[in-house]
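Topology and contacts: notes
Each chain, written out:
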Amino acid sequence: MVAEVVEFLGSARTVVDMTVGAGGHAEALLDAGVGRVVGVDRDAAALEVASERLARFGDRFAPVAGAFSEAAAATVSEGEADGVLFDLGMSSMQLDHAERGFGYRVDGPLDMRMDPSSDGPSAADLVNNLPEQELADLIFRFGEEHQSRRVARAICRARERGRIETTGELAGIVAGALGRRPGRAHPARRTFQALRIAVNREIEELTTSLPWAASVLAPGGRVVVLAYHSLEDREVKRFFRDTPELRPLTKRPLVPSEAEVERNPRSRGAKLRAAERVDPEPSSPHFPAGSATRSEP
């Protein structure tokens, strides 16, 4: 949803892209005339790719390494940003590289850490060490998998025979427990989502960084969030609704057009919400009159 992001943030002077990834949104914003983009990512490989891609913009792009909670203080101070962007989905670069351990369609080590140098637990650590009930609760909470107990039971039986080390092993165990139906999503999708969220503390990072985002916005500045599952979207909706300093700009989340989904099937689940920092006193707007305030048709 690059066009929608540019529509909401393209007139900003300074944007903090909290999930810069390979730099696609940052490049579009800089091309649109944004004065400076601060790009944050805890994936060192992604930051390297983004820095190479955006080298032509010189010091208009500033890369910052770290998770949301770690990098926030290193980006901008209170009231300095005109825009903050969160694109919470997995990048193709992460999903398509088997060695990162995110995908269930390609076999690789069961890792899932966005920062591979982190000393935090990997997905393999959780799968092989958590008690069955805790594992079932995790899969239910973060994956919204209604058959989480069946999945956890199958995993625990399998690990009695030997440690589960690869994405292919885990995907096969989950598929064996739940069965596969032609034309339906892979049965391991929700389990992999749950483990990835838990390993990277994604919900905690989001709920911690949203208040920071609101605080660094100048009056009239905007925060835009692209979420890809209901857990994230609910957190964003609640925060926008309950924060007096923010005025929601999207009555309902925007979704990709059919044409975009056809071009990029991975965008199918995206939901975009945007909000604007309320200016307590009359002042010059940071965005031109008539700029985007939309609701999904």
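For the structure itself, look to the data block above.
Residues numbered from 1 in each chain as written. Predicted model: local features only at pLDDT ≥ 70, side-chain atom pairs only at ≥ 80, totals over all residues. Heavy atoms only, no water.

Re a positive patch on the surface
Taken together, Arg149, Arg150, Arg153 and Arg157 make up a surface patch of like positive charges. Its place among the elements puts Arg150 in helix α8 (residues 148-161). Given the relative accessible area of 42%, Arg150 is considered partly exposed. (Patch = residues over 30% accessible without salt bridge, like charges linked within 9 Å, V, L, I, M, F, W, Y side chains within 5 Å. Areas by Shrake-Rupley, 256 points an atom, 1.4 Å probe, with all protein chains shown as cover. Salt bridge = Lys/Arg side-chain N within 4 Å of Asp/Glu carboxyl O. Lys, Arg positive; Asp, Glu negative; His and termini not counted. Charge placed at Lys NZ, Arg CZ, Asp CG, Glu CD. Helix = DSSP H or I, 4+ residues; strand = E, 2+ residues; numbered from the N terminus. Buried < 20%, exposed > 50% of the residue type's maximum accessible area, 1.4 Å probe, protein only.)

Quick word on unusual backbone geometry
Despite not being glycine, Met112 shows a phi value in the positive range, around 75 degrees. You can see Met112 is positioned in the loop between α5 (92-96) and α6 (123-129). In this structure, Glu144 is a non-glycine residue whose phi angle is positive, near 50 degrees.

Looking at the packing of helix α9 (residues 167-178) against helix α10 (residues 189-200)
Relative orientation of the contacting elements α9 and α10 amounts to 130 degrees, with a least axis distance of 9 Å. Compared by their axis directions, α9 and α10 come out oblique. On the side of α9, the interface is formed by Thr167, Leu170, Ala171 and Val174, while α10 contributes Thr191, Phe192 and Leu195. (Axes fitted to C-alpha atoms, helices over the stretch in contact; angles between N-to-C directions. Parallel < 35°, antiparallel > 145°, perpendicular 65-115°, else oblique. Contact = heavy atoms within 4.5 Å.)

Some words on the pairing of strand β4 (residues 81-87)
For β4, the tally of buried residues reaches 7 of 7 residues, placing the bulk of the element in the interior. Alignment of strand β1 (residues 14-17) against β4, held across 3 bridges, turns out to be parallel. When the bridges of β4 are listed, Asp17 appears paired with Leu85. The sheet contact formed by β4 and strand β5 (residues 217-227) spans 6 bridges and is parallel. From the neighbouring strand, Ala81 faces β5, where its bridge partner is Leu217. (Pairing = 2+ DSSP bridges.)

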